[in-house]
Amino acid sequence: MDQVFNHLIKRATPQPIVKVGTPWQCIPIKNDKQARDTTEVHMSNQGFNELAQFDKFMNLEVVWLNENQLTSVKGIEQNFRIKHLYLQKNKISTLEGLQNLKHLETLSLFNNELRDLEKNLLILKEFPGLTTLDLFNNPVAEEPYYRNRVISALPQLQLLDRSIITVQEKIKVEAWYKDFKAEVKIKKKGQKKQKLLPSQIFSVGEKILYKEVDEIKAKREQEKADEIERERTRIKLKEKTFDPNKFPTNELKEQLRQRLHDNPMSLVNEWEKGKLKKIFKSYDKEKKGSIQQDKLQGLFGDLMNDIANIGKVPAVNFEKFQEIMSEDPLPWDSFCFQLNQVDFQRAPEEMLQKKIDEKYKEFNRRLNAGKKAEAKEFMIEAVRLEAARDKDEHKLPEIIPDDNTKIRSDCFDFSRYKYKQNFTDTAKYLLQ
């Protein structure tokens, strides 16, 4: 049964496609004599990933194998007369198989996957006639002191990565290598041999890739944690019992309506509560939707200083305010509801006048800077504060319109506000 299962798995698993490259396709007459007489073959850009049947081409000196899918150079070990080998733009990750090519003079390996410079230099040292080497765009080329180390290990080189090695450069490298070797010896003394982590032997590009992978993993973990937290919040809200005391009854609504009509300054309307919500959130650092009782005094101080610029301040002391806001922790909905029980009054005239002057000053500054939208916001706030200061000029209408439409009493209506004579034409233009 297991054999049948393994057979089915093997059939279902896609097998890698093997494409073999042979030098026979490069000669017109395919016989042994023609193969022996061939000294150069061009097998570029043919897509093969393995080499075979090179044993009859014993006199090859120039071999072009670039732009294929080779991962190694196995298959040409017996062709020891090769002098010029072009293997650029492949997927070669090892130089095993080149050790027999003692006459090698040119080796082109740019755009491959070679890593571990020291290991590859041990193989390259076996080619005493190697004068041209190209390892550009390989992971080994990104290792520290790459060029100096290659020149020091292969003194016969004349051209490295298509850049000429001058006599002056060789002299500098020789002096550098002495200092480098001495420094390495000092570091090794008294130190235990440490095993390098995989991340320490990767190229710069691979390290960037791994860093991006870690960031994606962290982002997904955070999204998962946020989803769990949202689910917990949803369950809590579902299990939360309905509290009728936090919702105004019809009788309370009528009382608030009458209170708003008699003295609009004694009550904060819904628009003003929206402004106060920003202050409430500033004390909710953990974003739980509630604040502790120890934060209540700071919140009360901000209300007394009218940080929200609503033109009203509490008409009660902190003890009375704390008695009304007694819930601990105090959620926003409870705070918003209990504000109906707090008496408010117009802010001190000096405070209002100072805020108005500041708003007009910022209005003129924004206007002169060409920021019309921002200037308009400051102008609107200044007008609201002036309305709060001159409360007699902003009362709820006593007459019901002819069309029997309801008039909102929870927001400021500029159409019902009589503009003062000292308003500039620019301000009127902004409020159109």
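Residue indices follow the written sequence of each chain, beginning from 1 at its first position. For a predicted model such as this one, the threshold for reporting local features is a pLDDT of at least 70, and the threshold for listing and counting side-chain atom pairs is 80 or more; totals across whole chains, interfaces and linings nevertheless cover every residue. Note: side-chain values were computed over all heavy atoms of the structure, leaving out hydrogens and water.

Under the annotation held in an unreviewed UniProt entry, the chain carries the name EF-hand domain-containing protein and is attributed to Paramecium pentaurelia.

J.: Could you clarify how one ought to interpret the overall build of the chain in this entry?
T.: We count a stretch as a helix when DSSP gives it H or I for four or more residues in a row; a strand needs E for two or more, and each element gets its number in order from the N terminus. What the chain contains, in helices and strands, is 14 helices and 13 strands. Whether a residue is buried, partly exposed or exposed follows from its accessible area with a 1.4 Å probe, protein chains only, as a fraction of its type maximum: under 20%, in between, or over 50%, in that order. Per-residue burial for the chain yields a buried fraction of 33% across its 432 residues. The contacts in the chain between residues at least 6 apart in sequence include a share of 53% that link residues at least 24 apart. Residue-level accessible areas treat just the shown protein chains as cover; the underlying method is Shrake-Rupley with a 1.4 Å probe. Per element, the accessible surface of the chain, about 28,600 Å² overall, is 52% carbon and sulfur. For this analysis, residues touch if any pair of their heavy atoms sits within 4.5 Å.

J.: Mind showing me how you'd approach the packing of aromatic side chains here?
T.: The geometry of an aromatic ring pair is captured by two quantities: the separation of the ring centres and the angle between the planes. For Phe, Tyr and Trp, where Trp contributes only its six-membered ring, two rings pair if their centres lie within 6.5 Å, and the inter-plane angle classes them as stacked under 30 degrees, edge-to-face over 60, or tilted in between. A full pass over the atoms with the stated rule returns nine aromatic pairs. Pairing tryptophan 24 with phenylalanine 57 gives two aromatic rings, centres 5.1 Å apart and planes at 75°, and the pair type is edge-to-face. Highlighted residues: tryptophan 24 in the loop between strand S1 (20-21) and helix H2 (32-37) and phenylalanine 57 in the loop between strand S3 (50-51) and strand S4 (62-64), separated in sequence by 33 residues. By relative accessible area, which is 17% here, tryptophan 24 ends up buried. Within the aromatic cluster, the residues linked to one another by ring pairs are Tyr145, Trp176 and Tyr177. A cation sits over an aromatic face here: arginine 162 above phenylalanine 110, 4.6 Å from the ring centre. Cation placement over rings: the criterion is NZ of Lys or CZ of Arg within 6 Å of the ring centroid and within 35° of the ring normal.

J.: How should the pattern of salt bridges be read in this particular structure?
T.: Two side chains bearing opposite charge may form a pair once their charged atoms approach each other closely. Here a salt bridge means any side-chain nitrogen of Lys or Arg lying within 4 Å of a carboxyl oxygen belonging to Asp or Glu. Considering all chains together, one arrives at 16 salt bridges under this definition. Notably, a salt bridge pairs lysine 102 with glutamate 126, separated by 3.5 Å at the nearest N-O pair. In this pair, lysine 102 sits in the loop between strand S5 (84-86) and strand S6 (106-108) while glutamate 126 sits in the loop between helix H3 (117-124) and strand S7 (132-134), placing the two residues 24 residues apart along the sequence. Taking the relative accessible area as the measure of exposure, glutamate 126 reaches 31% and is therefore partly exposed.

J.: Would you mind going over the nonpolar core with me for this structure?
T.: In a soluble, globular protein the nonpolar side chains are often hidden away together inside. Nonpolar cores are built from buried Ala, Val, Leu, Ile, Met, Phe, Trp, Tyr and Cys residues. Side-chain atoms within 4.5 Å join them into one set. Formed by 44 residues in total, the largest nonpolar core has its most connected members in Leu85, Leu107, Leu124 and Leu133. If you list the elements that add at least two residues to this core, you get H3 and helix H4 (146-153). Not counting the four nearest positions on each side in its chain, leucine 133 is found in contact with Leu107, Leu124, Val150, Leu154, Leu157, Leu159, Leu160 and Asp161. If you look at the next biggest cluster of nonpolar residues, it comprises 24 residues, including Phe280, Leu299, Val316 and Phe344.

J.: Help me out: how do you make sense of the side chain of threonine 106 in this one?
T.: For threonine 106, the location among the structural elements is in strand S6. Among the polar contacts listed, one links the side chain of threonine 106 to the side chain of histidine 84, at a separation of 2.9 Å. Beyond its immediate sequence surroundings of up to four residues, threonine 106 is in contact with Lys83, His84, Leu85, Tyr86, Leu130 and Thr132. Polar contacts, as used here, are pairs of N or O atoms within 3.5 Å; protein pairs need one atom able to donate a hydrogen and one able to accept it. Residues neighboring in sequence count only if both atoms are side-chain atoms.

J.: What exactly am I supposed to notice about the sheet that holds strand S2 (residues 40-42) here?
T.: Strand-to-strand pairing in sheets goes through backbone hydrogen bonds, with the strands running parallel or antiparallel. DSSP bridges decide pairing: two strands pair if at least two such bridges lie between them. Ordered by their spatial adjacency, seven strands build an open sheet running S2-S4-S5-S6-S7-S8-S9, and the pairing between neighbours is mixed. What marks the edges here is a single partner per strand, and that holds for S2 and strand S9 (163-164). In terms of strand pairing, strand S8 (residues 159-160) meets S9 through two bridges, oriented antiparallel. Each residue of the ladder has a partner; that of leucine 159, found in S9, is isoleucine 164.

J.: What is the right way to read H3 from this model?
T.: Structural remark: α-helix, 3.6 residues per turn; residues separated by three or four positions point the same way. Listed in full, the buried residues belonging to H3 are Leu117, Asn120, Leu121, Ile123 and Leu124. With its buried residues spanning 155° around the axis, H3 presents them on a single face. An arc is given here, and it is the one of the directions from the helix axis to the C-beta atoms.

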